[in-house]
Amino acid sequence: MPQHRIRVVDSHTAGEPTRVVIDGSPELPAISAAERAALLRHEHDAFRSAVVCEPRGSDALVGAWLGPALDPSCLAAVIYFNNVGYLGMCIHGTIGLMATLAHLGRIEPGRHRLETPAGLVEAELLESGDVAVTNVASYRHAADVAIDVPGFGTVVGDIAFAGNWFFLVQDHGQQLTREHTESLVQYTRAIRQAIIRNNVTGAAGGEIDHIALFTDESDGDADSRDFVLCPGGAFDRSPCGTGTSAKLACLHAQGRLKPGQSWRQRGFVGEVFEGSVAVRDGQVFPTVRGRAHVTAEATLILSDRDPFRSGIPQ
């Protein structure tokens, strides 16, 4: 029977999975990454759900469409997507992408520029195998925003942009440990529902689709631990690269983080990203460093007879 085959390479970055599509993606015209993402959303969304949703994927999986860049100084254009839609930027995915391309022999250590829907980013593949990603300009949009969350009372947090929109909460009274995973998911989902219900947004109506909880660490190996709820309802296993970027932007706005000063962010399953910021022309550019490990090379088979050819609807 007619089949479509999609070649992928899987990896995980500090526990969070990435699936880079190497062959079999929809061919998109030479337009910006943001315009390409819109085209994928409106005309090829079955590709997204087939790649990352069950039965071939999972709620935690982030996929990457890879194509030629418009800017000749860039290595490629990349569009990240998950179980419910598309991301402006994804740092764990970019670290996974660099590890994947190195695994395939397509890149050597050095600096590589990428076009994303959120803007240009730079990823440096280090000799050690680590990847340092310099994100788009990030900033705190609003501080100490109070949200009435049914069942939990008033929750106060900052709204920040780092390629995606975040609501960041420090004073939450939750225990960010594995045995409390279910209650943390319920709590952060309740916050997100309250944000939607109260029409709280980022700049220009930007949808706040990531909820991040933070707590200070005191063992010296990390400065902070986090729990991040992603747009599709899964929690980030890694420290969340864009979430770390948003945290760094807020710390800088508070005067607690100087340019070049290191910040170590521990993720929910225990791995650490190292971050810092640079300030150029009054804008804050976070850099986040981590490592990915390739876990599989595979060919996804989409059969016309398969009732879930395009994934199980969310």
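Look up a bit, the structure's there.
Everything numeric in this text was worked out from a predicted model, so none of it was measured. (Residues numbered from 1 in each chain as written. Predicted model: local features only at pLDDT ≥ 70, side-chain atom pairs only at ≥ 80, totals over all residues. Heavy atoms only, no water.)

> What exactly am I supposed to notice about the overall build of the chain here?
Broken down by element type, the chain carries five helices and 17 strands. Against the compact-globule benchmark of 20 Å for 314 residues, the chain has a radius of gyration of 19 Å, which places it among compact chains. Taken over the C-alpha atoms alone, the chain extends approximately 55 × 45 × 35 Å along its principal axes. With 314 residues in all, the chain has 53% of them scored as buried. The contacts in the chain between residues at least 6 apart in sequence include a share of 62% that link residues at least 24 apart. When the accessible surface of the chain is summed, it comes to about 13,400 Å², and 46% of that surface belongs to carbon and sulfur atoms. (Helix = DSSP H or I, 4+ residues; strand = E, 2+ residues; numbered from the N terminus. Rg over C-alpha atoms; globule rule 2.2 N^0.38 Å. Buried < 20%, exposed > 50% of the residue type's maximum accessible area, 1.4 Å probe, protein only. Contact = heavy atoms within 4.5 Å. Areas by Shrake-Rupley, 256 points an atom, 1.4 Å probe, with all protein chains shown as cover.)

> Is there a simple way to think about the side chain of threonine 116 in this case?
For threonine 116, the location among the structural elements is in strand S6 (residues 110–116). A polar side-chain atom of threonine 116 sits 2.7 Å from the main-chain carbonyl oxygen of glycine 119. Sequence-distant contacts of threonine 116, that is, excluding residues within four places in its chain, are made with Ala33, Val78, Gly88, Met89 and Val121. (Polar contact = N/O pair within 3.5 Å; in protein donor to acceptor, adjacent residues only side chain to side chain.)

> Explain unusual backbone geometry here, please?
Negative phi characterises most residues that are not glycine, and trans characterises most peptide bonds. Along the chain, glutamate 54 connects to proline 55 via a cis peptide bond; the corresponding omega equals 10°. The residue proline 55 is located in the loop between helix H2 (45–52) and strand S3 (62–67) in this model. The phi dihedral of asparagine 199 falls on the positive side, at around 55°, and the residue is not glycine. Relative to the helices and strands, asparagine 199 is located in the loop between helix H4 (181–197) and strand S12 (210–216).

> Can you walk me through the packing of aromatic side chains in this structure?
Two aromatic rings, taken as a pair, are described by how far apart their centres are and by the angle between their planes. Under the criterion given, the structure shown has nine aromatic pairs. Seen from their ring centres, phenylalanine 152 and tyrosine 187 are 5.0 Å apart, and the 80° between their planes marks the pair as edge-to-face. With phenylalanine 152 in the loop between strand S9 (139–149) and strand S10 (153–161) and tyrosine 187 in helix H4, the pair connects residues that are 35 residues apart, well separated along the chain. Residue classification places phenylalanine 152 among the partly exposed positions, given a relative accessible area of 41%. An aromatic cluster of three or more residues is present, and its members are Phe47, Phe81 and Tyr86. Over the aromatic face of phenylalanine 214 sits the side chain of lysine 247, whose NZ or CZ is 4.6 Å from the ring centroid. Over the ring of phenylalanine 285 we find arginine 280, and its NZ or CZ is 4.0 Å from the ring centre. (Phe/Tyr/Trp six-rings, centres within 6.5 Å; stacked < 30°, edge-to-face > 60°. Lys NZ or Arg CZ within 6 Å of the ring centre and 35° of its normal.)

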